[in-house]
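Listed here are the chains, written in short residue letters.
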Amino acid sequence: MAQTEVHDPRAEHTDSPDADHGAPVPPGIGNGSRLAQDLRTMKVLWHRETIRFSRNRLRIAMGMVTPLMFLLVLGTGLNSAMSEESLRNFRAFLFPGVVLMSVQAPAIAVGASIVWDRRSGFLRQMLVAPVRRSAILVGTCLGGATSGAAYGVLVLLLGPVADVPYHPMLLVVLLQVVLVSFAFTALGVAAAVCIRRPETFQVAVSMCMLPLFFLSGAMFPVDGLPGWLGTLVRLNPLTYAVDALRRSMPGDTAVAMGDGSVSPEWWGWTPPVLVEAGLVATLAVLALAVATRRFSRVE
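These numbers come from a predicted model, not from an experiment.

Rules used in this analysis
Residues numbered from 1 in each chain as written. Predicted model: local features only at pLDDT ≥ 70, side-chain atom pairs only at ≥ 80, totals over all residues. Heavy atoms only, no water. Core = buried A, V, L, I, M, F, W, Y, C linked by side-chain atoms within 4.5 Å. Buried < 20%, exposed > 50% of the residue type's maximum accessible area, 1.4 Å probe, protein only. Helix = DSSP H or I, 4+ residues; strand = E, 2+ residues; numbered from the N terminus. Salt bridge = Lys/Arg side-chain N within 4 Å of Asp/Glu carboxyl O. Axes fitted to C-alpha atoms, helices over the stretch in contact; angles between N-to-C directions. Parallel < 35°, antiparallel > 145°, perpendicular 65-115°, else oblique. Left-handed = near helix turned anticlockwise from the far one by under 90°. Contact = heavy atoms within 4.5 Å. Nonpolar A, V, L, I, M, F, W, Y, C, P; charged D, E, K, R; others polar. pLDDT = per-residue confidence, 0-100. Polar contact = N/O pair within 3.5 Å; in protein donor to acceptor, adjacent residues only side chain to side chain. Phe/Tyr/Trp six-rings, centres within 6.5 Å; stacked < 30°, edge-to-face > 60°. Lys NZ or Arg CZ within 6 Å of the ring centre and 35° of its normal. Patch = residues over 30% accessible without salt bridge, like charges linked within 9 Å, V, L, I, M, F, W, Y side chains within 5 Å. Areas by Shrake-Rupley, 256 points an atom, 1.4 Å probe, with all protein chains shown as cover.

## Observations concerning the nonpolar core
Ranked by internal contacts, the top residues of the largest apolar core, which has 63 residues, are Phe 95, Val 99, Phe 184 and Phe 201. Of all the secondary structure elements, the ones that give two or more residues to this core are helix H1 (31-54), helix H4 (90-120), helix H5 (122-127), helix H6 (133-156), helix H7 (169-192), helix H8 (198-214), helix H10 (237-248) and helix H11 (273-295). Top contributing element to this core by residue count: H4, with 14 residues.

Written as structure tokens, this is what we have:
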């Protein structure tokens, strides 16, 4: 009688040279099948994040409160307090920063979900699947980028409040919003794979994102700052995300200040919008690479 071969599932959890790509590939699965599995994994995780976003209507409503407070209360108050010679329309100037703010929170929340998935054990179940771990991260980031972009669309619909008209250029702005949202999600995921406790994650991310936002030029022009503060602003990658949004939006958002100089400069040269978008994309790729490298270690 032939002896029946018993499959031991623990063999899939052992470390191997292919560990950085997820669990070992079972026999008979070729490159084409592996790619199809990775794409299916990305689609499933993207769909999971979009369902999580669409079913929490209270979270959507509460996520709009802070941007509306900045735009309607802070923007209107400072708009009436400043002289017309120095500022034409502060609400228009502030609007790109409000869009950035609306994208930031839901995208970073995806990183928090990874921390909770690790605690609940769901993350370990994904790690034993025969898919590349990079596919898990990319699918999660795409889901977070979609959720963040949805918030961005809701804020863009409020454009007329800040004298930003509806214009075909808003489609270009929407593409930039998706890119920025993906970068935020990648940063959140990179933090999530390094931090195991949810409480620590929230504190660490808040301590990092708040200075980055205030040093991005979202609330004040970056020209004429003191030397040390101007250097920090120019080194901040979010500065170029805000400036790209501001220069791409229709209306007077890019020339809201009286002298028109609102963009960061490198030794007297203002980088084009494409260069600024490239810097944001580079930030997203680097964050995703760090997250993938850390995530590839056996949990």
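## A few points about the pattern of salt bridges
Summed over all chains, the structure comprises 5 salt bridges. When the shortest N-O distance is used, the salt bridge between Asp 38 and Arg 132 registers 2.4 Å. Here the residue Asp 38 occupies a position in helix H1, and Arg 132 occupies one in the loop between H5 and H6, the gap between them amounting to 94 residues. In this structure, a network of salt bridges that share partners links the residues Asp 243, Arg 247 and Glu 276.

## A word on the packing of H10 against H11
Relative orientation of the contacting elements H10 and H11 amounts to 140°, with a least axis distance of 9 Å. In terms of orientation, H10 and H11 fall into the oblique class. Where H10 crosses over H11, the two elements pack in a sense that is left-handed. In contact with Pro 237, Tyr 240, Ala 241, Asp 243, Ala 244, Arg 247 and Ser 248 of H10, H11 contributes Val 273, Glu 276, Leu 279, Val 280 and Leu 283. Here the contact of H10 with H11 is built from residues that sort into 8 nonpolar, 1 polar and 3 charged.

## Brief notes about the confidence of the model for the chain
Looking at the chain as a whole, the pLDDT averages 78, with 80% of positions reaching at least 70. Ignoring residues within four places in sequence, the model shows residues 1-29, a span with pLDDT below 50, making 33 contacts including any to other chains.

## Quick notes on the packing of H7 against H10
One can describe the packing of H7 onto H10 by two numbers: an axis separation of 9 Å at closest approach and a directional angle of 165°. Classified by the angle their axes make, H7 and H10 are roughly antiparallel. Relative to H10, the crossing made by H7 is left-handed. Here Met 169, Val 173, Gln 176, Val 177, Val 180 and Phe 184 of H7 lie close against H10, whose contacting residues are Leu 238, Ala 241, Ala 244, Leu 245 and Ser 248.

## Considering the side chain of Ser 113
Along the chain, Ser 113 turns up in helix H4. Within the local environment of Ser 113, its side chain forms a polar contact with the side chain of Arg 52, the two groups lying 3.2 Å apart. Not counting residues within four places of it along the chain, the set of residues in contact with Ser 113 comprises Glu 49 and Arg 52.

## Some thoughts on the packing of aromatic side chains
According to the stated counting rule, one finds 3 aromatic pairs in the structure shown. The interplanar angle of 70° and the centroid separation of 5.7 Å between the aromatic rings of Tyr 240 and Trp 266 together place this pair among those described as edge-to-face. A residue pair is termed long-range when its members are at least 10 positions apart, and Tyr 240 in helix H10 and Trp 266 in the loop between H10 and H11 qualify at 26 residues. Overall, Trp 266 belongs to the partly exposed group, its relative accessible area being 25%. Their ring planes at 50° and their centres at 5.6 Å tell us that Trp 266 and Trp 269 sit as a pair that is tilted. Every member of this aromatic cluster is reached through a ring pair, and the members are Tyr 240, Trp 266 and Trp 269. A cation over a ring is seen here: Arg 246 above Phe 93, with NZ or CZ 4.0 Å from the ring centre.

## Looking at a nonpolar patch on the surface
Together, Leu 58, Met 62, Val 65, Met 69, Leu 72, Val 73 and Val 161 make up an exposed nonpolar region whose accessible area comes to about 650 Å². Put simply, the parts of the chain that give the nonpolar patch at least two residues each are helix H2 (57-63) and helix H3 (65-81). Mapped onto the secondary structure, Met 62 falls in helix H2.

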